[in-house]
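Coordinate inspection notes
Each chain is listed here by its residues.
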Amino acid sequence: MSVFDKAKAKAEELLGRAEQVYGESHGDAAATIDGEARRLEAEAEEERADRDRDRRDDDGLAGAGAH
């Protein structure tokens, strides 16, 4: 995930959180649910990117030099 994509996911997460808080404070169930969904989707995208990055960094030789 590029820096741009990571920033976009973080922005989506923050917008979702803001929409969720707005919905909760104004009694707007649709905004609350939409905001929560947006936030969770962005968090999942960030986690997916972190897992992909960790897989690329793993050369599969952990502990190979211990002998």
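Structure: see above.
Here is a short report on the structure shown in this document. Here the structure is a predicted model, which is why all the values come from computation and not from measurement. (Residues numbered from 1 in each chain as written. Predicted model: local features only at pLDDT ≥ 70, side-chain atom pairs only at ≥ 80, totals over all residues. Heavy atoms only, no water.)

**Overview of the overall build of the protein**
For clarity, the threshold we go by: What counts as a helix is a DSSP run of H or I of at least four residues, what counts as a strand is a run of E of at least two, and both are numbered from the N terminus. A simple rule labels every residue: compare its accessible area, found with a 1.4 Å probe on the protein chains alone, to the largest value its type can have, and call it buried under 20%, exposed over 50%, or partly exposed in between. Every residue pair with non-hydrogen atoms within 4.5 Å of one another is taken to be in contact. Accessible surface is estimated by sampling points in the Shrake-Rupley manner with a 1.4 Å probe; for residues, cover comes only from the protein chains shown.
Looking only at helices and strands, the protein features two helices and zero strands. By residue count, 18% of the 67 residues in the protein fall in the buried class. Considering only contacts within the protein whose residues lie at least 6 apart along the sequence, 42% involve residues at least 24 apart. Of the roughly 5,100 Å² of accessible surface on the protein, a fraction of 54% belongs to carbon and sulfur atoms.

**Looking at the side chain of E13**
Of note, E13 is situated in helix α1 (residues 3–26). For E13, a relative accessible area of 8% corresponds to the buried category. Setting aside chain neighbours within four positions, we find E13 in contact with R39, A42, E43 and E46.

**Side note on the environment of E19**
Its location among the elements puts E19 in helix α1. Measuring from C-alpha to C-alpha, the distance between E19 and T32 comes to 6.5 Å, with 13 residues separating the pair along the chain.

**As for the side chain of Q20**
Selection criterion: Definition of a polar contact: a pair of N or O atoms within 3.5 Å, with one able to donate and the other able to accept a hydrogen when the atoms are protein atoms, and with sequence-neighbouring residues admitted only if both atoms are side-chain atoms.
Positionally, Q20 belongs in helix α1. Here R39 takes part through its side chain, which lies 3.1 Å from a polar atom of the side chain of Q20. Discounting chain neighbours no more than four positions away, the residues touching Q20 are A31, T32, G35, E36 and R39.

**Concerning the pattern of salt bridges**
Heads up, the rule is: Salt bridge criterion: a side-chain nitrogen from Lys or Arg within 4 Å of a carboxyl oxygen from Asp or Glu.
In total, this model carries seven salt bridges according to the counting rule given. D50 is the partner of K6 in a salt bridge, and the nearest nitrogen-oxygen pair spans 3.2 Å. Of the two residues, K6 is situated in helix α1 and D50 in helix α2 (residues 29–57); the sequence distance between them amounts to 44 residues. Between R17 and E13 there is a salt bridge whose closest N-O contact spans 3.3 Å. Within this pair, R17 and its partner E13 are both found in helix α1, separated by four residues, close to a single helical turn. Linked through salt bridges whose partners overlap, the residues forming this network are K10, E13, R17, R39 and E43.

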